[in-house]
Amino acid sequence: MEKDARPNWDNPMQFLLACVSYAVGLGNVWRFPYLCQMHGGGGFLIPYLLMLFLEGVPLFYLELAIGQKMRLGSIGAWTAISPYLGGLGLASVVTSLYLCLYYNIINAWSFWYLFHSFQSVLPWADCPINSNRTGPIEECERATSTQYFFYRETLNISPSIEENGGIQTGQALCLLLAWVITYLFIVQGVKSTGKVVYFTATFPYVVLFIYLIRGVTLHGAMNGVKYMFTPKMEQLANPTTWINAATQIFFSLGLGFGSLIAFASYNQYHNNFERQAIVVSFINSGTSIFASIVTFAIYGFKATVNYENCLERTRLLLLNAFNLAEDSISLDTVSEWIERLNTTYPEQFAELTNKLEDCDLEKELDTAVEGTGLAFIVYSEAIKNMPLSQLWSVLYFFMLLLLGMGSMLGNVTAIITPLRDFKAISGISNEMFNGLVCLFCLLLGLGFTTTSGNYWFTMFNDYGATFSLLFIVLIEVVAVSYIYGIKRFEKDIEDMLGHRPNWYWKIMWAGTSPLLLISLFIFYIVKYIQGGTPTYQAWNKELGKSVVTEYPVFGQVFIGLLLVSSVSCVPLTALYIYCRKRKHGNHHKRQRTVSTVSA
C-alpha cells in the first residue's frame, strides 16, 4: 500500500481518544481493584506507579514512535526494521486474534445482563422457585441468587470442560450482536473508528462519576474506601506484589498486541506522540485508581450489608434460644451479649456453638474477587440491594459494554491494519475485508457459547496472551535498542518531533525496561513449571460453588499450543528469511559460475 494513500486521523484528538478507549478497558475495573485488595490497599500504589515510570510509559512511547515512523501495521513495521523481525508482527497478530476470539464474549455477557435489567424485579435478585412450587431451586439455595443467574441462567455451565452440551442460543445471539456492532464501528477503518471513540472513550467516565456519587452515599461505603487507602506496608516485602504491579501496567496499557503501532501508523508524520504517550499512560493509571474508589465504595456497601445480615441472624438466634425480649439486643450489642450469655449460661451457650456465625467486617472486606466474578457476580449482588436497582444495573452494564467495545476497536485494528499492508489484500474494499475478519472471529468465538465455553474462555484468558506478550515486548525493546540501534532511533524521533529523546527514555529502553521484562519472563516460566498440572475452576451444582479441577490431557496440550503458536512465529519467520536468502545467494553464485564458464 502506498504510504501517501494511507488514511489519517482527522485530528490528534481522535488518535488520543482511540488510545484511551483501547487502553482503558475492563482490566481497570475488575483487575486493578482486586490487586489493591490482595496487596495491601494503598500500599500497592507505590510499586504500581514506580512500574509505570520504569516500563509502562517508555514502552508505550516506543510502540507509538515505531508506528508513526514506519506508517505500517506491526508486520510491515518490524519487517522494515529488519526482515528477520517480520515474525514479531505476525506474533502480535496471532495474539490479538486470540484476544478477539474470547474478549467479545464478555461483551455478549454484558448485553445479556443489560437486556435482563429492564424488568420490574432483577432476575438475579432472588432464587427461582422449583418445579414443585415448594421452595427455591436447590442449586440456587446452596449458592447465591447472583451466582445461580451467572452460572446457570447465563452460561448453563457444564460440570467440567470434558462435558459439552452444545451452543446456548441466547449467548450466541448476544455474541452475534457484539460482533455486528464491532463491525459497524470499524466498517470504514480509521474514518469510522475516529468518530466512534469520541463516545466510547468519554461516556464510561460519565457513568463512573455517577457511580462514584452514588457509591460514596451508600450505607457502609466509607468502610470500603478506608480499607483501600489504608496501606499494609508489609506487602512491599512480598516479591509477588512487585511482579503483579509490573504485569498490570504492562497489560493495562495494551503493549505488544500491535494495536498501538496500528493506531500510530495513521498519524501525521510530525504528530507529537511523546506528549500523547505520557497523557494516555497517566489517564489509564488515573482511571484504575478512580475505578477502584468506586469499586471499594460498593465493596464497602456489600460487605457492610453482609456483616449486618450476619449480626441480625445471630441476634435472632440468641433471642429465640434464651427467650429474651425483642428489643433487648441490638446489632451494636450482639458481641457484648455473646460474651455475657457465654459467661452466664455456659452449658446452654455451648449447644449454640455450631449454629453461631463468625461475623467479621474485616473478613468480608478481605474477600478478594477478580475478573468475571467481580463484574458479573459481586457487582450484581451489590446492585440488587440498591434503591432503583434497575437503573443502576442498566448504567453499569452499559458502561462495561462501552469499555469492552472500546478495547475491541484496538484489538481488531491490530489484526486488520498489518494484513491490509499486503498488496494482495489492499485491493479488497474496507467493508468486505473487515466484514470477513469479523465473521471469521464470530464463527470461531461460538465455541465460547457452549456449556463448557466458560472453561475455554478461562484457558484463553490465562494462557492466550500473557506469555507471548512478555516475549513480544522483550524482543521489541531489544530489537530497537540493539538491532535497529538507539542512535538511529533517536534520529528518527528528532526527524518527527524536532528534538531528540532525553536521557530518561534512553536509559529505560537500553537497560531498565529489558531487565524488568527478562525478570518477568523468567518469573512466569518458573511459576508455570512450579505450578504443576494447570487447573481451572469447575462449577459444582451439588455444592453450589466452584471447585479447583485439573485440566484433562487434551486441555493441557491445547494450553501448550496456545503458548507456543504465537511465540514460534518469531524464530520460524527468521529461519524462513535466512533459508530464502541463502537459497537466493546460492542461486546467484551458480549463475555467476555459468556466466564465467560461458565466457
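Here the structure is shown first, and the text comes after it.
For clarity, every value in this text was computed on a predicted model and none was experimentally measured. (Residues numbered from 1 in each chain as written. Predicted model: local features only at pLDDT ≥ 70, side-chain atom pairs only at ≥ 80, totals over all residues. Heavy atoms only, no water.)

Colleague: Got a minute to help me understand the pattern of salt bridges in this structure?
Modeller: Here the idea is simple: oppositely charged side chains can pair when their charged atoms come close. Inspection of every chain in the model, using the stated rule, returns 11 salt bridges. Between Glu138 and Arg142 there is a salt bridge, with the nearest N and O atoms lying 2.6 Å from each other. Here Glu138 and its partner Arg142 are both found in helix 7 (residues 138-142), four residues apart, which amounts to about one turn of the helix. Of the residues examined, Arg142 reaches a relative accessible area of 37% and is grouped as partly exposed. Between Asp358 and Lys363 there is a salt bridge, with the nearest N and O atoms lying 3.0 Å from each other. For Asp358, a relative accessible area of 57% puts it in the exposed group. (Salt bridge = Lys/Arg side-chain N within 4 Å of Asp/Glu carboxyl O. Helix = DSSP H or I, 4+ residues; strand = E, 2+ residues; numbered from the N terminus. Buried < 20%, exposed > 50% of the residue type's maximum accessible area, 1.4 Å probe, protein only.)

Colleague: Help me understand the pairing of strand 2 (residues 545-550) in this model?
Modeller: A regular strand places its side chains on the two faces of the sheet in alternate fashion. The pairing of strand 1 (residues 535-540) with strand 2 spans six bridges and is classified as antiparallel. Looking at the pairing, Asn540 lines up with Lys545 of strand 2. A loop of four residues connects strand 1 with strand 2, the two strands running antiparallel in sequence, and Gly544 in this loop sits at a positive phi of about 70°. (Pairing = 2+ DSSP bridges.)

Colleague: Would you take a moment to explain the environment of Leu49 for this structure?
Modeller: Tracing the backbone through its elements, the reader meets Leu49 in helix 4 (residues 45-70). Measuring from C-alpha to C-alpha, the distance between Leu49 and Ala246 comes to 9.4 Å, with 197 residues separating the pair along the chain.

Colleague: I would appreciate a short explanation of the side chain of Gln68 in the present structure.
Modeller: Among the structural elements, Gln68 can be located in helix 4. Within polar-contact distance, the side chain of Gln68 engages the backbone oxygen of Gln268 at 3.4 Å. For Gln68, the side chain forms a polar contact with the main-chain oxygen of Tyr269, separated by 3.0 Å. Not counting residues up to four positions away in its chain, the partners in contact with Gln68 are Ala264, Ser265, Asn267, Gln268, Tyr269, His270, Asn271, Phe273 and Met496. (Polar contact = N/O pair within 3.5 Å; in protein donor to acceptor, adjacent residues only side chain to side chain. Contact = heavy atoms within 4.5 Å.)

Colleague: Looking at this model, I keep getting lost on the packing of aromatic side chains. Mind explaining?
Modeller: Centre distance and the angle of the planes are the two values used to describe a pair of aromatic rings. The tally for this structure, following the rule as stated, stands at 51 aromatic pairs. Taking the centre distance of 5.7 Å and the plane angle of 85° together, the rings of Trp109 and Phe150 count as edge-to-face. Of this pair, Trp109 sits in helix 6 (residues 86-116) while Phe150 sits in helix 8 (residues 145-154), and the two are 41 residues apart along the sequence. Overall, Trp109 belongs to the buried group, its relative accessible area being 1%. We note Arg340 situated over the ring of Trp337; from NZ or CZ to the ring centre the distance is 4.3 Å. (Phe/Tyr/Trp six-rings, centres within 6.5 Å; stacked < 30°, edge-to-face > 60°. Lys NZ or Arg CZ within 6 Å of the ring centre and 35° of its normal.)

Colleague: Got a minute to help me understand the state of the cysteines in this structure?
Modeller: What makes a disulfide is a covalent bond joining the sulfur atoms belonging to two cysteines. Summed over the entire model, instances satisfying the criterion amount to two disulfides. Here Cys127 connects covalently by a disulfide to Cys140, the sulfurs 2.0 Å from one another. The S-S bond linking Cys127 to Cys140 shows a torsion near -80°; that makes this disulfide left-handed. You can see Cys127 sitting in the loop between helix 6 and helix 7 and its partner Cys140 sitting in helix 7, a full 13 residues away along the chain. Given the relative accessible area of 23%, Cys127 is considered partly exposed. Across the disulfide, Cys310 is cross-linked to Cys359 (sulfur-sulfur distance 1.9 Å). Taking the sign of the S-S torsion, about -80° here, the bridge from Cys310 to Cys359 comes out left-handed. Taken together, the residues span a long stretch of sequence, with Cys310 in helix 15 (residues 273-322) and Cys359 in the loop between helix 17 (346-350) and helix 18 (361-366) at a distance of 49 residues. Note on Cys310: relative accessible area 7%, which makes it buried. (Disulfide = S-S within 2.5 Å.)

Note that all results are geometric; they support no functional claim without further evidence.
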